[in-house]
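Remarks on the overall topology
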Amino acid sequence: MKVAANAPTTSSSTYIKALTAYALSLAGDSSAAATLISDVYNSLTSGSPGLSQALTVEAAAYLLLAMLNESPGSYAAWALDITKLISTYHNGQGGFVSTQDTVVALQSFAAFSEAFPPTGTDLTISVTAGSQSFEIVINSENGLVLQTKLYHRRSTT
């Protein structure tokens with residue numbers, strides 16, 4: 001891992017640092033990984049990482065994987081920030097910018113979900129539109145079920 005540990009000193013690329021942080025965390029070099037995790041987090045959350053959208057998504061996903069591999073509890077707030085950042089690049093077809101960043105982003109989301117499993121879901125949504133109103137209840141039994149309600153629009157003519 002000597003090569004990986006030295007790579008960040010020869011590169012200022014946020015992407016390379018994120019990938020190296022993940023590699024170091026997998027190799028068990030927590031000290032070196034922690035330094036890079038902090039550096040990459042600051043770069044990505046500053047709003048100007050100097051990367052294309054695809055590389056920003058991929059770097060953020062590798063950073064998330066590194067944080068979750070190191071210590072999910074210690075990095076919980078940062079992990080949530082990075083998850084939100086990645087989500088901002090989600091497109092209407094279910095992916096992100098490219099195939100590769102989509103695969104890494106989904107892998108990081110799966111790791112996040114495993115590290116922070118959802119707790120009891122109990123939500124009631126009340127909707128009122130004109131004289132019509134209804135409620136939608138979402139709980140652990142129906143959380144993955146699509147629920148729809150018809151809204152009958154009155155004709156104004």
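Now for a look at the structure at hand. Small disclaimer: the values here were computed from a predicted structure and weren't measured.

Details of the overall build of the protein
Secondary structure assignment for the protein yields 6 helices and 2 strands. Taken from the N to the C terminus, the helices and strands of the protein come in the order α-α-α-α-α-α-β-β. Here the protein has a C-alpha radius of gyration of 21 Å; the compact-globule value for 157 residues is 15 Å, and the former is much larger. The dimensions of the protein, computed from C-alpha atoms along their principal axes, are 75 × 35 × 25 Å.

Focus: the pairing of strand β2 (residues 132–139)
Walk down a regular strand and you will see the side chains alternate between the two sheet faces. Two strands pair when backbone bridges link them, and strand β1 (residues 122–129) and β2 are joined in this way by 8 bridges, in the antiparallel orientation. Note on β2: the bridge partner recorded for Val127 is Phe134. The antiparallel pairing of β1 with β2 creates a hairpin that spans 2 residues between the two strands, and Gly130 there sits at a positive phi of about 65°.

Describing the nonpolar core
For soluble globular proteins, nonpolar side chains are generally found buried alongside one another. Counting residues in each nonpolar core, the largest one holds 31 residues, and the members touching the most others are Leu63, Leu64, Met67, Ile82 and Ile86. For this core, the secondary structure elements donating two or more residues are α2 (14–27), α3 (30–45), α4 (53–70), α5 (76–87) and α6 (99–115). Examining the composition of this core, we find that 11 residues originate from one element, α4, more than from any other. Apart from the residues within four sequence positions on either side, Leu64 is in contact with Ala79, Ile82, Thr83, Ile86, Ser108 and Phe112.

Here is what the cut-offs are and how they apply
- Residues numbered from 1 in each chain as written.
- Predicted model: local features only at pLDDT ≥ 70, side-chain atom pairs only at ≥ 80, totals over all residues.
- Heavy atoms only, no water.
- Helix = DSSP H or I, 4+ residues; strand = E, 2+ residues; numbered from the N terminus.
- Rg over C-alpha atoms; globule rule 2.2 N^0.38 Å.
- Pairing = 2+ DSSP bridges.
- Core = buried A, V, L, I, M, F, W, Y, C linked by side-chain atoms within 4.5 Å.
- Buried < 20%, exposed > 50% of the residue type's maximum accessible area, 1.4 Å probe, protein only.
- Contact = heavy atoms within 4.5 Å.

Shape is all these values report; function is a separate question.
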